[in-house]
Each structure stands twice: as structure tokens, then as C-alpha cells.
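A closer look at the structure
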Amino acid sequence: MVKWDEKRHADLMAASRHLGESDASKLAWVVRFANEDASLWHSAERATRGDCLLVLAGPGRVAPNQISPLPKPLDEDSVATIHAELKHLLRDVVQGPANTTVSFKSGGHDVAITRATDEGVKPAIWGWSYTGNVQAVVLRVVADLILRAGDRLVACKFKGCRNPIVAHRKQEYCDATCSQLARTAKKAQRRKGGHHGKATRKR
Ligand SMILES: [Zn+2]
């Protein structure tokens, strides 16, 4: 194996550890990523996030003898575009009343099934993946994650924020800042006799 491949492999393994193994930890990573301010990343941080997106878009389940080539790093524009799309998608899906439906184009991906075993061999063993445009694949994968592991994916209850969070236990707000801003807004509202405060969270 050439040196470049080893480094690339190590980078992708690191990205895969960031994401974790379970659907829940992957979704948690996606939500943290989407809530980040992209303007604060330096180039290495952007590259790390790009690798995480590649791992996320990677084979859904690799057949035992399936060899997939190591993906090249995502270019900066793709990371930025996917970040912006996920930010919008996640905000849109957690906000609004029941039966809010969000649709998005994911036409740039195909579903691939790989048979690991020879023709006629039982038991047949299968692998699968989405292939095609990384952007489209990531959106499709995130939609799958929301369906499988999104039971705690909610909007922050502070009306000036409403960002998506994966809530731990009784968590209702992103963090102490939103929780405090919400309490302050409630107090102000009581003092004004029920008018909604216009406080928003600066990000
Ligand atoms: Zn919040």
C-alpha cells in the first residue's frame, strides 16, 4: 500500500470514529455539524467535516468481499453547499406544526446492491450503497437517519432559536444560553401582559 493511501485511510477512519457506529450517534453528528457556523472553520476543520460527510455517504452495508476505493477529499465548495443544505433541511423538518412535510430533491443518487456470493450459492450475502452525487447521497442518508433514529430530534424551545437538537433526556433547549434567553423572554412577556418578546439568539 502506498503512503498516500495509508494517510487517506487513517483520515477516513478518524472521520468514522467522529460519526460513531449507531444511527443515533451519526444523526447527532449531523445535527451538530448543521448547527455550526461555517465561517468559523479553518481549512483543516472543513476538510475533517468533508471526510465525515464522505463516510456518511459511504456504503450502507459493504458486502464481505466488496472493495470500495478510498474517496478523494471533498472540495471546499461541496462541504459548504452540503452544510447549507443540511442546515435548511434540519431546521425545516423540526419547525412548524404536526404534519409539516419537507421535500427535497435527491435525484442525483442511485441505489446499488452487491451480491457477495456466486450465482446459485446459498446463503446469498448482500451489500448495498447509494451511489452518485455526494450531495444527493448525504441528503438521502440523513433522511434515512431521521426516520430510523430521529425520535429525539426536535426544535430548541426558545422561539428566537428553534434550531434542531437531538435532546438528551428532558433537554428542551440547545444549551444554557437558549434556556436563559427563554426564561428572560417569559419574564418580559409576563411583565408586558402577554406580548411576545422579540429576542433572538445571535449566532
Ligand atoms: Zn436554541
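Residues numbered from 1 in each chain as written. Predicted model: local features only at pLDDT ≥ 70, side-chain atom pairs only at ≥ 80, totals over all residues.

A short note on the overall build of the chain
For the chain, the helix and strand inventory stands at 6 helices and 4 strands. Taken from N to C terminus, the helices and strands of the chain fall in the order α-α-α-α-β-β-α-β-β-α. The principal-axis extents of the C-alpha atoms in the chain amount to approximately 75 × 40 × 30 Å. The long-range share in the chain, meaning contacts at least 24 apart out of those at least 6 apart in sequence, stands at 61%. (Helix = DSSP H or I, 4+ residues; strand = E, 2+ residues; numbered from the N terminus. Contact = placed C-beta atoms within 7 Å.)

Observations regarding the domain arrangement of the chain
Domain assignment breaks the chain into domain 1 (3-151) and domain 2 (152-203). Taking the mean C-alpha position of each, domain 1 and domain 2 sit 30 Å from one another. Facing 13 residues of domain 1, the contacting portion of domain 2 comprises 10 residues. Top element by residues in the side of domain 1 that touches domain 2 is helix H2 (residues 23-35). It accounts for 5 residues. (Domains from an automatic or database assignment.)

Thoughts on the confidence of the model for the chain
Averaged over every residue, the pLDDT of the chain is 91; the share at 70 or more is 95%. No element of the chain has a lower mean pLDDT than helix H1 (residues 3-19), at 88, and none a higher one than strand S3 (residues 153-155), at 98. (pLDDT = per-residue confidence, 0-100.)

What to know about the packing of H2 against helix H4 (residues 76-94)
Packed helices, taken two at a time, are described by their axes: the angle between them and the distance between them. At their nearest, the axes of H2 and H4 sit 8 Å apart, and the two run at 105° to each other. In terms of axis orientation, H2 runs roughly perpendicular to H4. Residues Val30, Val31, Phe33 and Ala34 of H2 pack against His83, Leu86, Lys87 and Leu90 of H4. Counted by class, the contact of H2 with H4 contains 6 nonpolar, 1 polar and 1 charged residues. (Axes fitted to C-alpha atoms, helices over the stretch in contact; angles between N-to-C directions. Parallel < 35°, antiparallel > 145°, perpendicular 65-115°, else oblique. Nonpolar A, V, L, I, M, F, W, Y, C, P; charged D, E, K, R; others polar.)

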